[in-house]
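Each chain, letter by letter, is given below.
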Amino acid sequence: MNAITRLATVISLASLFPFSALAADAKGTVEVVHWWTSGGEAKAVKVLENLVEKDGYEWKDSAVAGGGGAAAMTVLKTRAVSGNPPSAAQIKGPDLQEWGALGLLTNLDEVSSQNNWDKLLSKTVSDTMKYDGHYVAVPVNIHRVNWLWINPEVFKKAGIDKAPTTLEEFYAAGDKLRAAGFIPLAHGGQPWQDSTVFENLVLSIMGADGYKKAFIDLDEKTLTGEKMVEVFTALKKVGGYMDENRAGRDWNIAAAEVINGKAGMQIMGDWAKSEWTAADKVAGKDYQCVPFPGTQGSYTYNIDSLAMFKLSAKNNTPGNIAAQNDVAKIALEPEFQYVFNQNKGSIPVRNDLDMSKFDACGQASAKDFAEADKNAKLEPSMAHNMATSLAVQGAIFDVVTNFMSDKNADPAKAGKQMSSAIKAAR
Ligand code: GAL
């Protein structure tokens, strides 16, 4: 059900029953701010809503549309500042520490110890979910960002017989797709999407170590060096395979262009798979997922998590606290982990589940994650709030998006601009 149909259903139900009557039997309410509004992602989050309602709680859905979550974060900040936070919100990575430091998050000690979270989660994940040694958020999934999505039918029509594994092969495929009249690379011109492409190129050209130096150490030499010039030169070339009317386009609309055979490829994290799944397409048959060319062996991760807020005086009732804890408990249970992640395109965040229940892309993701972990090639995604503060991320986004929208931008200058912007933001 898309957001509009869902809204229509809610409105028509509400006209049959006054809202208070609908909620009257609920033991408590949990309000959740998130940005999962595309067809496939809305279906995934509905799984959580249904399970919470099954436990007798009311789910108040406060979705804020906008891929990557910038709009949701703005809403969240305004609400927190005015003393009216939701019960739960999608907050990720290092950002959790910033919210924790403001004293706004509640601790999940009871639910996490009762349900053995320390045992279920890898240490990298559990450390990220803790502020000052206490869980303040529950992780729901692991997304991989360094993927390339391919429509094999379109490839065939353009005379391309295999998925590209290097940047040179990627450019060759782009040329053939263009010559055959397709959009080679579907893309939405939004800062987080631009930077998703950019970080993939950094990983491809600089390797796992260079990626770490650039986005974790924020090392000036790496940010301004020759390899970074190569990255921006490649970004310009890759931008040439996107269509000119891409400004503002949502990622799921770009995904639909590949699904519908208008475009050949998309560079996107595996939430893109949620759209293929929602369109009843089968991984490995109707579409292909391959590591972004040149990044084989590495895995850029993006872990979604729901942080729990201290409730405002008006909402701070035992029932509402119980509803919050219920969300936290359900989120790590196998039932939710399977169905949510199958719909969302991600893999479970706990590693004791049976991956044979997942499609070819899900299985490849789980295998590649384990391998990258062994070889120190697991990288936090910069574009998806895993590597830096939001301020530093914003500085990188600005430089990358300005670069991509300016045909005359100079690759030799962009790295230096990025380094100064990062310094100013730190
Ligand atoms: C990411 C988020 C994903 C997906 C994507 C597109 O930041 O982690 O779950 O929603 O944005 O909006």
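Numbering of residues begins from 1 in every chain and follows the order in which that chain's sequence is written. Reporting of local features is limited, given that this is a predicted model, to residues whose pLDDT is at least 70; pairs of side-chain atoms are given and counted only at 80 or more, and all residues count toward the totals for whole chains, interfaces and linings. With hydrogens and water excluded, all non-hydrogen atoms of the structure serve as input to the side-chain values.

- The protein carries the name Probable sugar-binding periplasmic protein in an unreviewed UniProt entry, which gives Pseudomonas fluorescens as its organism.
- UniProt positions are given in the numbering used here, feature names are shortened, and annotations may be inferred rather than shown by experiment. On record in UniProt, under Sequence similarities (unreviewed entry), the comment for the protein is "Belongs to the bacterial solute-binding protein 1 family."
- The Function (unreviewed entry) field of the UniProt record for the protein holds the comment "Part of a binding-protein-dependent transport system for a sugar."

### Comments concerning the overall build of the protein
Then, number 1: In this description a helix means any DSSP run of H or I spanning at least four residues, a strand means any run of E spanning at least two, and both kinds are numbered starting from the N terminus. When helices and strands are counted, the protein shows 20 helices and 14 strands.
Then, number 2: In terms of overall size, the protein behaves like a compact globule, its C-alpha atoms giving a radius of gyration of 21 Å where 426 residues would be expected to give roughly 22 Å.
Then, number 3: Projected onto its principal axes, the C-alpha coordinates of the protein cover approximately 60 × 45 × 40 Å.
Then, number 4: Throughout this description, buried means an accessible area under 20% of the type-specific maximum (1.4 Å probe, protein chains only), exposed means over 50%, and partly exposed covers the range between. Counting every position in the protein, which comprises 426 residues, the buried fraction comes to 55%. Based on C-alpha atoms, the radius of gyration is set beside the globule rule, defined as 2.2 Å times the residue count to the power 0.38.

### What about the environment of Leu167?
Then, number 1: Inspection of the secondary structure assignment puts Leu167 in helix 10 (residues 167-179).
Then, number 2: In this analysis, two residues are considered to be in contact whenever any of their non-hydrogen atoms come within 4.5 Å of each other. With residues near it in sequence (within four places) discarded, Leu167 still touches Leu201, Ser204, Ile205, Phe292 and Pro293.

### Digging into the sheet that holds strand 11 (residues 288-291)
Strands in a sheet are paired, the pairing made by backbone hydrogen bonds, and the direction either parallel or antiparallel.
Then, number 1: By the convention used here, strands pair only if DSSP detects at least 2 bridges between them. The strand order across the open sheet formed by 4 strands is 9-10-8-11, and the pairing between neighbours is mixed. Each of the sheet's edge strands pairs with one partner strand only, and the pair in question is strand 9 (183-186) and strand 11. Geometrically, the sheet is characterised by an average inter-axis angle of 25° between neighbouring strands, direction not taken into account.
Then, number 2: Examined bridge by bridge, strand 8 (residues 147-150) and strand 11 share 4 bridges and lie antiparallel to one another. Within strand 11, the position partnered with Trp149 by the bridge is Cys289.
Then, number 3: Only the contacting stretch of a helix is used when fitting its axis, a line to C-alpha atoms as for every element, and angles between N-to-C directions run 0 to 180 degrees. Contacts between helix 10 and the sheet are confined to strand 8, strand 9 and strand 10 (263-267), with strand 10 contributing the most and set at about 145° to the helix.

### A word on the domain arrangement of the protein
Then, number 1: What the domain assignment lists for the protein is domain 1 (29-143 + 302-360) and domain 2 (147-301 + 375-425).
Then, number 2: Boundary definitions for the domains trace back to an automatic or database domain assignment. For domain 1 versus domain 2, the distance between C-alpha centres works out to 27 Å.
Then, number 3: Opposite the 26 residues of domain 1 that make contact, domain 2 presents 22 residues.
Then, number 4: Take the accessible area each of two parts loses on contact, using a 1.4 Å probe, and add the two losses: that sum is the buried area. Both sides of the domain 1 and domain 2 interface together cover about 2,000 Å² of buried area, and 56% of this is carbon and sulfur.
Then, number 5: The term salt bridge refers to a side-chain nitrogen of Lys or Arg lying within 4 Å of a carboxyl oxygen of Asp or Glu. Inspection of the domain 1/domain 2 interface yields 1 salt bridge.
Then, number 6: As used in this structure description, the phrase polar contact means that two N or O atoms lie within 3.5 Å; if the pair is within protein, one of them must be able to donate a hydrogen and the other to accept it, and residues adjacent in sequence are counted only when both atoms belong to side chains. Where domain 1 touches domain 2, the interface holds 6 residue pairs in polar contact (both at pLDDT 80 or more).
Then, number 7: Listed by contribution, the elements that provide at least two residues to the side of domain 1 that touches domain 2 are helix 3 (39-54), helix 4 (70-81), helix 5 (95-101) and helix 17 (334-344).
Then, number 8: For the side of domain 1 that touches domain 2, a count of residues per class yields 6 nonpolar, 13 polar and 7 charged. Charged means Asp, Glu, Lys or Arg here, nonpolar means Ala, Val, Leu, Ile, Met, Phe, Trp, Tyr, Cys or Pro, and polar covers whatever is left, Gly included.

### A closer look at the packing of aromatic side chains
Then, number 1: Aromatic contacts are taken between Phe, Tyr and Trp rings whose centres are within 6.5 Å, Trp giving its six-membered ring; a plane angle under 30 degrees counts as stacked, one over 60 as edge-to-face, and the others as tilted. Per the counting criterion, the structure on display carries 18 aromatic pairs.
Then, number 2: Relative to Phe358, the ring of Tyr338 lies with its centre 6.3 Å away and its plane at 35°, an arrangement referred to as tilted. With Tyr338 in helix 17 and Phe358 in the loop between helix 17 and helix 18 (360-374), the pair connects residues that are 20 residues apart, well separated along the chain. With respect to burial, Tyr338 and Phe358 carry one shared label: buried.
Then, number 3: Criterion for a charge above a ring: Lys NZ or Arg CZ within 6 Å of the ring centre, and within 35 degrees of the ring normal. We note Arg144 situated over the ring of Trp147; from NZ or CZ to the ring centre the distance is 4.6 Å.
Then, number 4: For the cation-ring pair, Lys357 lies above Tyr338, with the distance from its terminal atom to the ring centre recorded as 5.0 Å.

### Regarding the layout of surface pockets
Then, number 1: Residues are called lining when one of their atoms sits within 4 Å of a cavity or pocket point, these points coming from a 1 Å grid over the protein atoms alone, where a cavity is a set in which a 1.4 Å probe fits but cannot get out and a pocket is an open set with protein on both sides within 12 Å along at least five of seven lines. Grid points are joined across faces, edges and corners, and a volume is the space filled by probe spheres set on the points. By volume, the second largest pocket amounts to about 410 Å³.
Then, number 2: Surrounding the second largest pocket, 16 residues form its lining, Gly239, Arg246, Met404, Ser405 and Asp406 being those nearest its centre.
Then, number 3: At the level of elements, helix 13 (226-239) and helix 19 (390-405) are the ones that each hand at least two residues to the lining of the second largest pocket.
Then, number 4: The element that contributes the greatest number of residues to the lining of the second largest pocket is helix 19, accounting for 4 residues.

### Some remarks on the sheet that holds strand 2 (residues 58-63)
Then, number 1: Spatially, 5 strands are ordered 2-1-3-13-6 in an open sheet, and the strand pairing comes out mixed. Only two strands of the sheet have a single neighbouring strand rather than two, namely strand 2 and strand 6 (137-139). Strand after strand, the sheet turns through a mean of 20° between neighbouring axes, direction not considered.
Then, number 2: Note: strand 1 (residues 29-34) against strand 3 (residues 88-90), 2 bridges, orientation parallel. The residue bridging Val33 from the neighbouring strand is Ala89, located in strand 3.
Then, number 3: Most of the contacts of helix 4 go to strand 1, to which it runs at about 135°, and overall it touches strand 1, strand 2 and strand 3.

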